[in-house]
Amino acid sequence: MGTTTSADELKDIGLKQFQQGQYAQAVETFTTAVSAYGDVGDENGRAEMLNNIGVTQRTRKKNTEAIAAFNEALTIFQDQGDLHKLAQAQANLADLYQFSKKQDEAAKYYSEAAATFSQLGDKQKQSQVLRAYSLMRMRQGQWVEALMRMEESLSVKPRLGPLRWMFRGVLRFALGLMGAR
């Protein structure tokens, strides 16, 4: 139990370091936590720390290291059947690829994250991922796909206010005029 506590303590220290902008130290702490969780056989803990390393390395613009950490986390979350954390890691990897200008990879992971959140019934996060996907396509000038993803995002959102409800209607109308519906 002491090792688990020290792994959890390392996680907390790493998160504080990250929040304080001490990214290099956070990566070191999270890396130590990966080993500590591994020592007690906590694969989900290991994967969570790998995901944290990926986020921190993305922040540091160390994309190769971030991709490696995210991919290892994805494999573990998949093997463990932790779909919620899997979807979070997929969305994190999609964001990384988007900002690395690798839109095809980003689209793949945004789609996978949206599908996983849908499988979990987490419509709020599914909507957020689809909105990010839409904004990426908008920046690329892929207007039809951007509108389709935004309409999809609004359609799955749990509660739409009156303005968003109207916006969704306008999107549906525009997509119909373009022959995309």
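A brief look at the structure comes next. Since the model is a prediction, treat every value here as computed from it, not as a measurement. Every chain is numbered independently, its residues counted from 1 as its sequence is written. Local features in this predicted model are restricted to residues of pLDDT 70 or higher, and side-chain atom pairs are both shown and tallied only at a pLDDT of 80 or more, whereas totals for entire chains, interfaces and linings draw on every residue. Side-chain metrics in this entry use all non-hydrogen atoms of the structure; hydrogen atoms and water are not considered.

Quick look at the nonpolar core
- For the purposes of this section, nonpolar cores are sets of buried Ala, Val, Leu, Ile, Met, Phe, Trp, Tyr and Cys residues that join through side-chain atoms within 4.5 Å. Relative accessibility under 20% of the residue-type maximum defines a buried residue, over 50% an exposed one, and the middle range a partly exposed one, all with a 1.4 Å probe and only protein chains included. One finds Leu-93, Tyr-110 and Val-129 to be the most contacted residues of the largest nonpolar core, which totals 41 residues.
- Within the residue set of this core, elements represented by two or more residues are α1 (2–19), α2 (23–39), α3 (43–59), α4 (63–80), α5 (83–99), α6 (103–120) and α7 (123–139). Secondary structure counts use DSSP, requiring at least four H or I residues in a row for a helix and at least two E residues in a row for a strand, with both numbered from the N terminus.

Digging into the side chain of Asp-82
- Here Asp-82 lies in the loop between α4 and α5.
- Here a residue-residue contact requires only that any non-hydrogen atoms of the pair lie within 4.5 Å. Discounting residues that sit within four places of it in the chain, Asp-82 has contacts with Asn-44 and Phe-77.

Observations concerning the packing of aromatic side chains
- Paired rings are identified among Phe, Tyr and Trp, the last through its six-membered ring, by centres lying within 6.5 Å, and are further divided according to the angle between planes into stacked (under 30 degrees), edge-to-face (over 60) and tilted (the rest). Enumeration over the complete set of coordinates arrives at three aromatic pairs.
- When the centroid spacing of 5.8 Å and the interplanar angle of 25 degrees are considered together, the rings of Tyr-110 and Tyr-133 count as stacked. You can see Tyr-110 sitting in helix α6 and its partner Tyr-133 sitting in helix α7, a full 23 residues away along the chain. Considered together, Tyr-110 and Tyr-133 belong to a single accessibility category, that of buried residues.

Describing the packing of α4 against α5
- Two elements in contact, α4 and α5, have axes separated by 9 Å at closest approach and are oriented at 160 degrees. Relative to α5, the element α4 lies roughly antiparallel. The two elements α4 and α5 cross, and the hand of that crossing is left-handed. Contact residues: α4 offers Asn-63, Ala-66, Ile-67, Phe-70, Asn-71, Leu-74, Phe-77 and Gln-78, while α5 offers Lys-85, Leu-86, Ala-89, Gln-90, Asn-92, Leu-93, Leu-96 and Tyr-97.
- Under the scheme applied, nonpolar residues are Ala, Val, Leu, Ile, Met, Phe, Trp, Tyr, Cys and Pro; charged residues are Asp, Glu, Lys and Arg; polar residues are all the others, including Gly. Along the lines of polarity and charge, the residues of the contact of α4 with α5 split into ten nonpolar, five polar and one charged. Convention adopted: a line fitted to C-alpha atoms gives each axis, helices being fitted over their contacting stretch, and angles between N-to-C directions are expressed from 0 to 180 degrees. An angle below 35 degrees is treated as roughly parallel, one above 145 as roughly antiparallel, one from 65 to 115 as roughly perpendicular, and anything else as oblique. Take the far helix as your reference; a near helix turned counterclockwise from it by less than a right angle gives a left-handed crossing, and one turned clockwise gives a right-handed crossing.

Observations regarding unusual backbone geometry
- Its identity is not glycine, yet Lys-61 carries a phi of approximately 65 degrees, on the positive side.
- Considering the arrangement of structural elements, one finds Lys-61 in the loop between α3 and α4.

Considerations on the packing of α6 against α7
- For the pair α6 and α7, interaxial distance at closest approach is 8 Å and the crossing angle is 160 degrees. Relative to α7, the element α6 lies roughly antiparallel. The two elements α6 and α7 meet at a crossing, and its hand is left-handed. Across the interface between the two elements, Gln-103, Ala-106, Ala-107, Tyr-110, Ser-111, Ala-113, Ala-114, Phe-117 and Ser-118 of α6 pack against Lys-125, Gln-126, Val-129, Leu-130, Ala-132, Tyr-133, Met-136 and Arg-137 of α7.
- Here the contact of α6 with α7 is composed, by residue class, of eleven nonpolar, four polar and two charged.

By themselves, these figures tell us nothing about what the structure is for.
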